[in-house]
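Structural overview
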Amino acid sequence: MFCLHAGKLNEDLCDRAERLKDKIIMFEMKEHRELNEGICLKYEEITETIRNTPETTEELVSLNQYIKITSDVTTRKLIDEIDEARCHLSFLLDYATLPFDDLKLNACVYHWPNNILAELEDSRTHLVTMKEQAQDFLQNRVLEFHQRLKDLDKEIRVFEKKDVITTEEIKNNVRNLTQITANLEAAVTEQEVKEVFGRIHTHTVMLSILKLRYPNHMEYRYTPDIPQGINNEQNLLEMEQRQYPLLQTLIAGKLPYEQLWTTALNFQSMSEEWMNGPFLHLDAEKISDDLDIMHGTMLELTESFLDRVGPYRVAKSFKRKIEKFKQHLPILKTICNPAIKDRHWEAISGVVGFAVTSNASRSLQDMLDLGISKFSDK
C-alpha cells in the first residue's frame, strides 16, 4: 500500500486561494471606491454649478435649463450609479472589512440624493427671484427707451422752425443733429444687438433662505451696466416683444434736416476757401462736381420743405447762393487750369485791357475784384 501525504499541497492550495480571494476583494474595493468617488465628484460639480450667480441674462437662462436637465435626467442616472455601488457594497460587507475612509465615502454617497434635491430647490427659488428682477429691470428699461425716443422726437421737431443762417447757428445745428444721430444709432443698437453684456451687481438683499443656507454667498441685484439688446432680452426672459415704429420714423424724419444743415455748413466753409484762398491749388472740376451735388440736394429739399417755412427758406437761400457761386466756374476753370502759362496770362491781360498775373497768394476774389468776370465769354 502507498500513503500519499498531501498536507503541504493542501496548505499551499489554501494559501493560493486566500491570496486570490484577497486580490478579488482588493479589486472590488478599488472599483467600489472609484465608483463612489466618481458619484461624489459629479454631485459636487452639480452643486458648484448651481450655486454660481449668473452674470448675464443668457447665463441665467442657461443655468435654469441646466437645473431642469439635472433634475429630470442627471439625478436619475446618478441614482442608477448609486444602486450599482450598493451591489458592490453588499458583496464587500460579506467578505471584507472596509477602512474608515471607505465607510465615510459610502455614507457621503448615500446622503447626496437628498442633499442635491435641497440644493436644486434652493437654486430654483434663487433663479425665480433673479428672473423676476430681470423682467422688472427690462420693463423699466423699455419705458425709459420709449421716453428717450419721445425726447428725440421733440428735439427733431425743433428743426421744423429753424431759419437762422448765421455761421455759428449753422455749426450749432450740425452739432445737435450729429448728437441726435448718435443717439438714434445707440437706440437701434440697444433694440437689436445680439450680444448681451449685462452684469448682476452685489447690492440688495438676497433670499433669506439662501442667506441661511450659504452665509458667505454674495448678495445680488440684477442691474446691467452695459446696454443690451432689448429684443434679445425679451426673448430670453419670455416676455412679449414690442415694436418701435417711432424709431424708424425718427431716423427718416431727421435725415432732411441733417442734409440741409450739413450741406449749408459745407458750402459755407468750402466756398470761403474757394473764394478767398489761393486759387493755384484748387481743382475746378472737383469744385464743379461738389457744387452740383450741393445744388441738387438743396433743390430736392426746397421741394420737401414746402410745408415747413423755416427749412424751406434756408434751403432756398442756399440754393441761390450755390447758383450764384456757380456763375464763377468759367473764370475758376480758366485760372485754375494747370496747363496755363505766362503767355496765356499775357493774352488775358490783352483781353481785359490791363496786366493780370498770378502768384501763390492770389484768390478768386482778387480776380473778381479786377472785373475779369465781365470777359469770361472771351
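Check the entry above for the structure.
Residues numbered from 1 in each chain as written. Predicted model: local features only at pLDDT ≥ 70, side-chain atom pairs only at ≥ 80, totals over all residues. Heavy atoms only, no water.

Focus on the overall build of the chain
Each helix and strand counted, the chain has twelve helices and two strands in total. Secondary structure elements of the chain, listed N to C terminal, follow the sequence α-α-α-α-β-α-β-α-α-α-α-α-α-α. Taken across its 378 residues, the chain has 38% of its residues classed as buried. (Helix = DSSP H or I, 4+ residues; strand = E, 2+ residues; numbered from the N terminus. Buried < 20%, exposed > 50% of the residue type's maximum accessible area, 1.4 Å probe, protein only.)

What to know about the side chain of K254
As for its placement among the helices and strands, K254 is situated in helix 7 (residues 245-276). Residues contacting K254, with those up to four places away along its chain left out, are I156, L177, I180, T181 and L184. (Contact = heavy atoms within 4.5 Å.)

Regarding helix 7
With 32 residues, helix 7 ought to run about 46 Å at 1.5 Å a step, and its terminal C-alpha atoms sit 47 Å apart, in line with that. A maximum bend of about 25° is found in helix 7 at L255, where proline P256 lies one to four positions downstream. (Expected span 1.5 Å × (residues − 1). Bend = angle between axes of the 7 residues up to and from the residue.)

Here we look at the side chain of D290
Inspection of the secondary structure puts D290 in helix 8 (residues 284-304). Overall, the relative accessible area of 17% leaves D290 in the buried class. Among all residues touching D290, those that are not within four sequence positions of it are M270 and W274.

Digging into the packing of aromatic side chains
In total, this model carries seven aromatic pairs according to the counting rule given. An angle of 5° between the planes, with centres 5.2 Å apart, marks the rings of Y43 and W112 as stacked. Of the two residues, Y43 is situated in helix 1 (residues 7-51) and W112 in helix 3 (residues 100-157); the sequence distance between them amounts to 69 residues. Accessibility classification places Y43 together with W112 in one group, the buried group. Measuring from centroid to centroid gives 5.6 Å for W274 and F325, while their planes differ by 50°, and the two rings are tilted. With a gap of 51 residues between them, W274 in helix 7 and F325 in helix 9 (residues 309-326) connect regions that are remote in the sequence. In this structure, W274 and F325 share a single accessibility class: buried. (Phe/Tyr/Trp six-rings, centres within 6.5 Å; stacked < 30°, edge-to-face > 60°.)

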